[in-house]
Amino acid sequence: MTSLTLVRRIKARPQVVFDAVTTAEGIAQWWGPDAGPVLVAEVDPRVGGRYRVRFRMLDTTEHESSGEFLEIVRPERIVMTWRWKGGVEDPGESRVEMTLKAVPEGTELTFIHSQLHDEETCRSHEEGWTGSLDKLESHFAAVTVAC
Amino acid sequence: MVNYQQRLDRTFMAVVDPTRRAILAQLERRDGASISELAKPFSIRLPAVMKHLDVLADAGLVTRSKSGRTVTVRLRPQPMREAMEWLRRYERFWSSSLDRLTAYAESKEAAARRKGR
């Protein structure tokens, strides 16, 4: 299966980062790939609670994703499911995981978007998904494939 | 007609196996190789290599052409490019989102400190 990992060092305490991720007010300020506006931000940050975020990009296309919180440990960890609304290209459900670690300068955020690929394909693959795509370095760096 | 998602599935399934990735990496370094050349670095038999090549060919990642007794295998990078482009979209999405999250959290922190003073 496919996952994307990103790490950021942030000059803010973990609880400040945590609030930016788990409040509608915070999400409205950063969610989305460009400076286009967040149109809807609904968030119920407790285990079993749901979120829904809709944003418009500068090219005027609108996109929405939603999911359920699987883990909420303030101010350390957020795990949620992820699904694009009406996603033709990515119909399945994936998983987003953010871990906030206190460091002297503030917070180290480790972000993982995983299960980007079909679980059935994964299970049915007899040899097992044990490899790592990053050996094909000339193609891509930050992505790994593992089950 | 195979759709986009199925093509991606086949590409990822093909490249998840370490032997197949090693075969692709070999083909990346040269323009075409025979099956026995490809089999050389591996401690597996020719038929096993042929099976891996079948999977890679089904995913459109290699082409095989026969001339006399020799089969020449060549890399076909398009499906890999398509898969990488798909992943890069996610990377772009999150990379710029997290940059903005960083800027926002840092401004909140700075504001809280000013207030606290």
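About the thresholds
- Every chain is numbered independently, its residues counted from 1 as its sequence is written.
- Lettering of chains starts at A and numbering of ligands starts at 1, both following the order in which they are written.
- For this predicted model, a pLDDT threshold of at least 70 governs which residues receive local features, and a threshold of 80 or more governs which side-chain atom pairs are given and counted, while totals over whole chains, interfaces and linings are taken from all residues.
- In this description a helix means any DSSP run of H or I spanning at least four residues, a strand means any run of E spanning at least two, and both kinds are numbered starting from the N terminus.
- Using C-alpha atoms as the atom set, the radius of gyration is obtained and then compared with a globule rule of 2.2 Å times the number of residues to the power 0.38.
- Counting other C-beta atoms within 10 Å of its own, a residue is labelled buried from 20 upward, exposed at 12 or fewer, and partly exposed in the gap between, with every C-beta atom placed from the backbone.
- Contact between two residues is assigned when their C-beta atoms, built from the backbone, lie within 7 Å.
- A helix is expected to span 1.5 Å for every residue after the first.
- Arc definition: directions from the helix axis to the C-beta atoms.
- We call a set of buried Ala, Val, Leu, Ile, Met, Phe, Trp, Tyr and Cys residues a nonpolar core when their C-beta atoms link them within 7 Å.
- What makes two strands pair is DSSP finding at least two bridges between them.
- Geometry is summarised by axes, namely lines fitted to C-alpha atoms with helices restricted to the contacting stretch, and by angles between N-to-C directions that run from 0 to 180 degrees.

Side note on the overall build of chain B
What chain B contains, in helices and strands, is five helices and three strands. In sequence order, the secondary structure elements of chain B are arranged as α-α-β-α-α-β-β-α. For chain B, whose C-alpha radius of gyration is 22 Å, the value lies well above the compact-globule estimate of 13 Å for 117 residues. Principal-axis analysis of the C-alpha atoms gives chain B an extent of 80 × 35 × 20 Å. When each of the 117 residues of chain B is scored for burial, the buried share is 31%. Looking at chain B alone, contacts between residues at least 24 apart form 51% of all its contacts between residues at least 6 apart.

Considering helix H4 (residues 46-58) of chain B
A turn of α-helix holds 3.6 residues, and therefore any two residues three or four places apart point the same way. Residues and elements named next belong to chain B. Taking 1.5 Å per residue, 13 residues should reach 18 Å; H4 reaches 18 Å between its end C-alpha atoms and fits that length. Where H4 is concerned, the buried positions are Val49, His52, Leu53 and Leu56. Buried positions in H4, seen along its axis, are confined to an arc of 100° and lie on one side of it. Seen from the open side of H4, the exposed residues pointing more than 90 degrees away from its buried face are Pro47, Asp54 and Asp58. Looking at the buried side of H4, the elements it contacts are helix H1 (4-15), helix H2 (18-29), helix H3 (35-39), strand E2 (62-67) and strand E3 (70-75). Among the residues trailing H4, Gly60 stands out with phi positive, at a value near 75°.

A few points about the nonpolar core
Leu27, Leu56, Leu61 and Val62 of chain B are the most contacted members of the largest nonpolar core, which has 27 residues in total. Elements supplying a minimum of two residues to this core: H1, H2, H3, H4, E3 and helix H5 (78-116) of chain B. Setting aside chain neighbours within four positions, we find Leu61 of chain B in contact with Thr11, Ala14, Leu24, Leu56, Arg76, Pro79 and Met80 of chain B. Core analysis: the second largest hydrophobic core is formed by 21 residues, Phe18, Trp31 and Met80 of chain A together with Ala105 of chain B among them.

Describing the sheet that holds strand E1 (residues 33-34) of chain B
Residues and elements named next belong to chain B. The antiparallel open sheet is built from three strands, whose spatial order is E1-E3-E2. The sheet is open, and its two edges are formed by E1 and E2, each paired on a single side. H2 contacts E1, E2 and E3 of the sheet and is inclined by roughly 90° relative to E3. The strands touched by H4 are E2 and E3; relative to E2, the strand with the most contacts, the crossing angle is about 115°.

Brief notes about the pairing of strand E4 (residues 62-73) of chain A
Residue and element names in this part refer to chain A. Relative to E4, strand E3 (residues 50-56) runs antiparallel, the two sharing seven bridges. By the bridge assignment, Arg52 is partnered in E4 with Ser66. Linking E3 to E4, which pair antiparallel, is a turn of five residues; within it Thr60 sits at a positive phi near 75°. Direction of pairing for E4 relative to strand E5 (residues 77-84): antiparallel, over a ladder of six bridges. Note that in E5 the partner of Ser65 across the bridge is Trp84. Where E4 hands over to E5, the hairpin turn is made up of three residues, counted between the paired strands.

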